[in-house]
Amino acid sequence: MKSQKSQTMKPSTAAKKLEVYLEATPAEFQEGVVSRDELNALQADPPQWLRDLRRNGPFPRQILALKLGVSISGLARGGITEALTSDQVEEIKAACPDWLRRERAVQVETLKEAARLKQRKAD
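Described below are features of the structure shown in this document.

Definitions and cut-offs
Residues numbered from 1 in each chain as written. Predicted model: local features only at pLDDT ≥ 70, side-chain atom pairs only at ≥ 80, totals over all residues. Heavy atoms only, no water. Helix = DSSP H or I, 4+ residues; strand = E, 2+ residues; numbered from the N terminus. Rg over C-alpha atoms; globule rule 2.2 N^0.38 Å. Buried < 20%, exposed > 50% of the residue type's maximum accessible area, 1.4 Å probe, protein only. Contact = heavy atoms within 4.5 Å. Areas by Shrake-Rupley, 256 points an atom, 1.4 Å probe, with all protein chains shown as cover. Lys, Arg positive; Asp, Glu negative; His and termini not counted. Charge placed at Lys NZ, Arg CZ, Asp CG, Glu CD. Core = buried A, V, L, I, M, F, W, Y, C linked by side-chain atoms within 4.5 Å. Axes fitted to C-alpha atoms, helices over the stretch in contact; angles between N-to-C directions. Left-handed = near helix turned anticlockwise from the far one by under 90°. Nonpolar A, V, L, I, M, F, W, Y, C, P; charged D, E, K, R; others polar.

## Notes on the overall build of the protein
(1) Moving on: Of regular secondary structure, the protein possesses eight helices and two strands.
(2) Moving on: Ordered by position in the sequence, the α and β elements of the protein form the string β-α-α-β-α-α-α-α-α-α.
(3) Moving on: In terms of overall size, the protein is more extended than a compact globule, its C-alpha atoms giving a radius of gyration of 18 Å where 123 residues would be expected to give roughly 14 Å.
(4) Moving on: Expressed along its principal axes, the backbone C-alpha trace of the protein runs to roughly 55 × 45 × 20 Å.
(5) Moving on: Scored against the burial criterion, the 123 residues of the protein give a buried share of 29%.
(6) Moving on: Counting contacts in the protein only where the partners sit at least 6 residues apart, residues at least 24 apart contribute 55% of the total.
(7) Moving on: Total accessible area on the protein is roughly 8600 Å²; 52% of this is exposed by carbon and sulfur atoms.
(8) Moving on: Computed over 21 positive and 17 negative side-chain charges, the inter-centroid distance for the protein is 8 Å.

See below:
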C-alpha cells in the first residue's frame, strides 16, 4: 500500500494564495516549502505576522490594484512598480493624482464592457 505524500508548493505560490507580498514574509516562510495542510492552517488561523501583512502591507500588485480601484496594468502605467504599505496607499488615494483618476475611469469602462458582453452572451 502506498503512503500518500502531502502536496507541497513553493513559498511564492503560497504567498500568492495567501495574498501577501513574499519578500515581507518571515525568512523561514521564504526559505522552506509549504504543504497544502500548512497553507490551510495559515488560512484558517493566521499567525500574527500574516494578520499584520494583510492589514498593513506591503501589498502585492493584485491587492494594490484592488485597493486603488485600478488594473495591474494601470498600476504600471501610473509608475507603481513596488509593493506599498496601507499608509502609502492612503496617501495616493488622498492625493488622487491624474493617473489614478484616469486609470479608475478606464477600469470602470472595462468592467461595464465586460458586464455588457456577459449579458449579451447570456441573451
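## As for the nonpolar core
(1) Moving on: Counting 13 residues, the largest nonpolar core has Leu 64, Leu 68, Leu 75, Ile 80 and Ile 92 as its most contacted members.
(2) Moving on: Top element by residues in this core is helix 5 (residues 61-68). It accounts for four residues.
(3) Moving on: Once residues lying within four places of it in the same chain are set aside, the contact partners of Ile 80 are Leu 64, Leu 75, Ile 92 and Trp 99.

## Focus: the packing of helix 5 against helix 7 (residues 86-95)
The angle between the axes and the distance between the axes are what describe a pair of packed helices.
(1) Moving on: Between helix 5 and helix 7, whose axes approach to 10 Å, the crossing angle comes to 35°. Here helix 5 runs over helix 7; the crossing is right-handed. Every residue of helix 7 that contacts helix 5 at Leu 64, Lys 67 and Leu 68 is listed here: Val 89, Ile 92 and Lys 93.
(2) Moving on: For the contact of helix 5 with helix 7, the class distribution of residues is four nonpolar, no polar and two charged.

## Re the environment of Val 33
(1) Moving on: In this structure, Val 33 sits in the loop between helix 2 (27-31) and strand 2 (34-35).
(2) Moving on: For Val 33 and Val 108, which are 75 residues apart along the polypeptide, the C-alpha to C-alpha distance reads 39 Å.

## Section: the environment of Ala 95
(1) Moving on: Along the chain, Ala 95 falls in helix 7.
(2) Moving on: The class of Ala 95 is exposed, set by a relative accessible area of 58%.
(3) Moving on: With 28 residues separating them in the primary sequence, Ala 95 and Lys 67 have C-alpha atoms 15 Å apart.

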